[in-house]
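# Structural features, examined
Here's the letter readout for the chains.
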Amino acid sequence: MKSPSRLAPATVRIVVLDPIDPGALERLSEAHDVQLAYRTPQEEVPARVRDAHIVIVRSGAKLTADAIESAPGLRGIVRAGAGTDNIAVDAARRAGVTVCNVPGGSANAVAELALALCLAAARNIALADRQLRRDEWRKHDLAGVELTGKTMGVVGFGNIGSRIAELGKALGMSVLVGVGRPDETRRSQLAEEGYRLADLPELLDASDFLCLAVPLDDRTRGLIGAEELRAMRPTAFLVNVSRGGVVDEGALYAALSEGVISGAGVDVHAAEGVLSPLAGLDNVVLTPHIGAMSADAQRRIGERVTDAVEAILSGAPVMNRIC
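Predicted model only: the values in this text are computed from it and were never measured. (Residues numbered from 1 in each chain as written. Predicted model: local features only at pLDDT ≥ 70, side-chain atom pairs only at ≥ 80, totals over all residues. Heavy atoms only, no water.)

## Description of the packing of aromatic side chains
Following the criterion strictly, the structure yields two aromatic pairs and no others. Plain terms: the ring middles of Phe157 and Tyr195 are 5.6 Å apart, the flat faces sit at 70° to each other, and that makes the pair edge-to-face. Within this pair, whereas Phe157 is found in the loop between β6 (151-155) and α7 (159-170), its partner Tyr195 is found in the loop between α8 (184-192) and β8 (196-197), the two being separated by 38 residues in sequence. Comparing Phe157 with Tyr195, the two get one shared label, buried. One cation-aromatic arrangement involves Lys169 over Tyr195; the distance from NZ or CZ to the ring centre is 5.5 Å. (Phe/Tyr/Trp six-rings, centres within 6.5 Å; stacked < 30°, edge-to-face > 60°. Helix = DSSP H or I, 4+ residues; strand = E, 2+ residues; numbered from the N terminus. Buried < 20%, exposed > 50% of the residue type's maximum accessible area, 1.4 Å probe, protein only. Lys NZ or Arg CZ within 6 Å of the ring centre and 35° of its normal.)

Quick look at the structure:
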């Protein structure tokens, strides 16, 4: 980590590229020069962070190698959330820049949204809302299915996936879990919690509701494509609260259009900020990456972001350090 010892607190410049909790901004602004740069066009990010000592991002902005290399005084990058696929971590490591994230702070919020998407897709809630706003009372066309007694498959059992599993279990669902490194010890641990370990083929075959809660990396990119969707039940629902790149959106569109699966709930998209190709389908519920957007989660995340910034600047141990 680059030493901040020559910097007086008031000379520390913090560039915030994505919105974070107002309380966190207020605390940071009491001691530092905080510059808000929300919705900066990607081509302008290098210039915007050139004089930064700390950069704070969420999932909206990308910190490329060019952006990191353009900032000679950069000491730390704080990701106000879990995923770091929008940060060129290797470039930061080469530059001696500390990168840390804030996992877990939004886990419950994301898990609750996953459950909401399961319910909304299963009961045609978004479609019913659209019809009723047009004064169409077509309740006999909106028959859905219940979650209780069904099988939930959860791909990924980190902070978010484990909470989704808890919520599914609380509704009386049988829960199957897929993990990146399955072994007998993990199988026994999951069994003690009331879950059964399963590989992806079994999850696809057995799940009535398949929830994706994995980071985007080389192992998970394109995890669900046409072949995987065909392996699911025609009555099944897919819910993605991980990253858009985990699912082939073209394949998902075809599967939903052709009745390969019954429906989907999608909070994350391959291209964010533009109209989803899935938007014309009635059997999909779309939300604009709002999994972490609860006031409670943002307050928790904001507190951890300010702690991380001060740790980086003081040279103290940094929680959840990536590099």
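## Notes on the sheet that holds strand β2 (residues 33-36)
With respect to topology, five strands assemble into an open sheet ordered β2-β1-β3-β4-β5, the strand pairing being parallel. Of all the strands in the sheet, the pair left with one neighbour each is β2 and β5 (98-101). Strand after strand, the sheet turns through a mean of 15° between neighbouring axes, direction not considered. By the bridge criterion, four bridges tie strand β1 (residues 13-16) to β2 in an arrangement that is parallel. (Pairing = 2+ DSSP bridges. Axes fitted to C-alpha atoms, helices over the stretch in contact; angles between N-to-C directions.)

## Some details on the pattern of salt bridges
Should their charged atoms come close, side chains of opposite charge can pair. Within the structure shown, the criterion is met by 15 salt bridges. Of the charged contacts, one joins Asp129 and Arg133 as a salt bridge, the two residues approaching to 2.7 Å between their closest N and O atoms. Taken together, the residues Asp129 and Arg133, both in helix α6 (residues 125-133) and four residues apart, mark about one turn of the helix. For Arg133, a relative accessible area of 68% corresponds to the exposed category. Two residues, Asp296 and Arg299, come together in a salt bridge whose shortest N-O distance is 3.6 Å. Of the two residues, Asp296 and Arg299 both sit in helix α12 (residues 295-314), three residues apart, roughly one turn of that helix. (Salt bridge = Lys/Arg side-chain N within 4 Å of Asp/Glu carboxyl O.)

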